[in-house]
Amino acid sequence: MGFGSHHWSATDQRGSEWFVKVDDLGFVADGRDEEFGRLSRSQETALALHHDAGLGFVLAPVPAENGAPLWRLSSRYALSVFPAIAGTAGQFGPHRREELAEVTGLVAEVHRATPAVAQLAPRADLLLPGRDGLNAALADLGRPWTGGPHSAAARELLLRHEERVRQWLERFDQLVAEVRGDGSDWVVTHGEPHPGNVLRSPTGAWLIDWATVQLAPPERDVWMLTDAFAGMLREEPTGADAQVHSRYRRISGRTVSPAGIALYRLWWPLADVAAFLGDLRRPHGDGADAAAALRYLTGNLESALA
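Rules of the game
- Note on numbering: residues in each chain are counted from 1, in written sequence order.
- With pLDDT at 70 or above as the cut-off, local features in this predicted model cover only qualifying residues; side-chain atom pairs require 80 or more to be listed or tallied, and sums for whole chains, interfaces and linings still use all residues.
- Derived side-chain values reflect all non-hydrogen atoms in the structure, with water molecules and hydrogen atoms excluded from consideration.
- Secondary structure elements are taken from DSSP: a helix is a run of H or I of four residues or more, a strand is a run of E of two residues or more, and numbering for both begins at the N terminus.
- Each radius of gyration reported is based on C-alpha atoms, and the globular scaling rule is 2.2 Å times the count of residues to the power 0.38.
- In this analysis, two residues are considered to be in contact whenever any of their non-hydrogen atoms come within 4.5 Å of each other.
- Here, Shrake-Rupley sampling with a 1.4 Å probe gives the accessible areas, and only protein chains in the shown set may cover a residue.
- Here Asp and Glu are counted as negative and Lys and Arg as positive; His is not counted, and neither are the chain ends.
- A single reference atom marks each charge: NZ on Lys, CZ on Arg, CG on Asp, CD on Glu.
- Strand pairing is defined by DSSP finding a minimum of two bridges between the two strands.
- Only protein atoms enter the 1 Å grid, on which a cavity is a set of points fitting a 1.4 Å probe that cannot get out and a pocket is an open set with protein on both sides within 12 Å along at least 5 of 7 lines, lining residues being those with an atom within 4 Å of a point.
- Grid points are joined across faces, edges and corners, and a volume is the space filled by probe spheres set on the points.
- To define a nonpolar core, start from buried Ala, Val, Leu, Ile, Met, Phe, Trp, Tyr and Cys residues and group those joined through side-chain atoms within 4.5 Å.
- Residue exposure (1.4 Å probe, protein chains only): buried if accessible area is under 20% of the type maximum, exposed if over 50%, otherwise partly exposed.
- Every angle, taken between N-to-C directions, lies between 0 and 180 degrees, and every axis is a line fitted to C-alpha atoms, over only the stretch in contact when it is a helix.
- A pair of Phe, Tyr and Trp rings is counted when the ring centres sit within 6.5 Å of each other, with Trp represented by its six-membered ring. The angle between the planes then sorts it: under 30 degrees is stacked, over 60 is edge-to-face, the rest tilted.
- Only lysine NZ and arginine CZ atoms are considered, and such an atom sits over a ring when it is within 6 Å of the ring centre and within 35 degrees of the ring normal.
- In the analysis that follows, any N or O atom pair within 3.5 Å is treated as a polar contact, provided that within protein one partner can donate a hydrogen and the other can accept it, and provided that, for residues neighboring in sequence, both atoms belong to side chains.

Draft legend 1. Representation of the overall build of the protein within the structure. When helices and strands are counted, the protein shows 11 helices and 9 strands. Rg of the C-alpha trace for the protein: 20 Å, near the compact-globule value of 19 Å for 306 residues, within the 12% margin. Seen along its three principal axes, the alpha-carbon backbone of the protein occupies a region of about 55 × 50 × 35 Å. Long-range pairs, those at least 24 residues apart, make up 73% of the contacts in the protein between residues at least 6 apart in sequence. Carbon together with sulfur atoms contributes 51% to the accessible area of the protein, which is approximately 15,100 Å² in total. Charged side chains of the protein number 30 positive and 39 negative; the gap between the two group centres comes to 2 Å.

Structure (structure tokens):
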């Protein structure tokens, strides 16, 4: 179950239940050690937020006997174990208006806790993931793509939208230059505080899945609570941006910038385009994953920033 990782419910020999997560460290062997290190720091950050910063709503992993939050199963896979919480998570998409005040408060409390993890959390570099591959794909449009059964269709899509993608990249660079600053006002961010990562239980709400935690501009989280996120997904806006910004500012003591919101509004579809093109240019079969990659690529290119 789940996207990007594998998940199980497990019962140990004493009858205790656990949530077990196995992360794929990457298709390319050369980058797996680096990815394991990044994930380890992310899980350590979640532990520190929960225990040292006192954020009880941060669902952190249970450390192994050696204190490590992440265990290397093999060269490609890593395992982490979490308490099993009886609750229900939402679905990927915008938050409902009635949930926004609560989630904004959770995000703001995380950002306030930055001093506790400032030396621990991975730091964002504001580089677009997969950009080298995207540039290579744009440069390779003059000849057939033969990686697999969906490669030709991916090439045709990119040909059709080449100018749009180049404009997005230019705008992305402009926004990064405006937002970067010196990084001194960056905060610890969850990265994906959408409803699918909010688990509601009888004891309250939990913020789950800290694999993408980074020190970054605060807009990396806040944009998902605004109509910019709903607009990217072609969902109905809530019209609550003013209330979100006001509550966030009151709790965190910080403000968010329109340029920062615009940056992450653009970041997501561009990163998806780069990732799905990478999947479809390399060797692949005619399975469900490749078909889904082509479908998502089509959606991003045809509607995400139209």
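That shown, we press on.
Draft legend 2. Local environment of the sheet that holds strand β4 (residues 77-83). Taken together, 4 strands build an open sheet; the order of strands is β1-β2-β4-β3 and the sheet is antiparallel. Two strands in the sheet have a free side with no partner beyond their single neighbour: β1 (5-11) and β3 (71-72). As judged from the 2 bridges shared by β3 and β4, these two strands associate in the antiparallel manner. Bridge pairing in β4 places Trp71 opposite Leu79.

Draft legend 3. Layout of empty space enclosed by the protein. Counted by the stated rule, this structure contains 1 cavity of 30 Å³ or more. Approximately 40 Å³ is the volume attributed to the largest cavity. Taken together, Pro94, His95, Leu100, Met224, Leu225, Thr226, Asp227, Ala230 and Thr238 make up the lining of the largest cavity.

Draft legend 4. The arrangement of the nonpolar core in detail. Judged by nonpolar contacts, the single largest core of 44 residues is most densely connected at Leu134, Trp223, Leu277 and Leu297. With 14 residues, helix α10 (residues 258-281) is the single largest residue contributor to this core. Aside from chain neighbours lying at most four places away, what touches Leu297 is Ala154, Leu157, Val273, Phe276, Leu277 and Leu280.

Draft legend 5. Looking closely at the pairing of strand β8 (residues 204-207). Of the pairings in the sheet, the one linking strand β7 (residues 198-201) to β8 comprises 4 bridges and is antiparallel in character. In the sheet register, Ser201 faces β8, and the bridge partner there is Gly204. Between the antiparallel neighbours β7 and β8 lie 2 residues.

Draft legend 6. View of the sheet that holds strand β5 (residues 88-89). Across the sheet, which stays open at both edges, the 3 strands sit in the order β5-β7-β8 with antiparallel pairing between neighbours. Either end of the sheet is taken by a strand with one partner, and the two such strands are β5 and β8. Lying on the sheet, helix α2 (residues 97-112) is in contact with β7 and β8; it crosses β7 at an angle near 115°.

Draft legend 7. Expanded view of unusual backbone geometry. In this model, Asp209 sits at a positive phi of 60°, which is unusual for a non-glycine residue. Relative to the assigned elements, Asp209 resides in the loop between β8 and β9 (214-216). According to the relative accessible area criterion, Asp209 is partly exposed, its value standing at 32%. The residue Arg234 is not glycine, and still its phi comes out positive at about 60°. Considering the arrangement of structural elements, one finds Arg234 in the loop between α8 (227-232) and α9 (241-252).

Draft legend 8. Looking closely at the packing of aromatic side chains. Applying the stated criterion to the full structure yields 8 aromatic pairs. On the numbers, 5.4 Å between centres and 20° between planes, the contact of Tyr264 with Trp267 is stacked. With Tyr264 and Trp267 both in helix α10, this residue pair falls 3 residues apart, about one helical turn. Here the two residues Tyr264 and Trp267 agree in accessibility, since each one is buried. By the ring-pair criterion, three or more aromatic residues cluster together here, those being Phe92, Trp223, Phe229 and Trp268. We note Arg72 situated over the ring of Phe36; from NZ or CZ to the ring centre the distance is 5.0 Å. Looking at Arg281, its charged tip hangs above the ring of Trp145, at a distance of 5.1 Å from the centre.

Draft legend 9. A look at the pairing of β7. Both β5 and β7 contribute to a ladder of 2 bridges, which runs antiparallel. Bridge pairing links Ala89 to Leu199 in β7.

Draft legend 10. Spotlight on the side chain of Ser151. You can see Ser151 is positioned in helix α5 (residues 151-160). When its relative accessible area of 0% is taken as the criterion, Ser151 is described as buried. One polar contact links the side chain of Ser151 to the main-chain carbonyl oxygen of Leu280, over a distance of 2.6 Å. Residues within four places of Ser151 in sequence aside, it is in contact with Trp145, Thr146, Leu280, Arg281 and His284.

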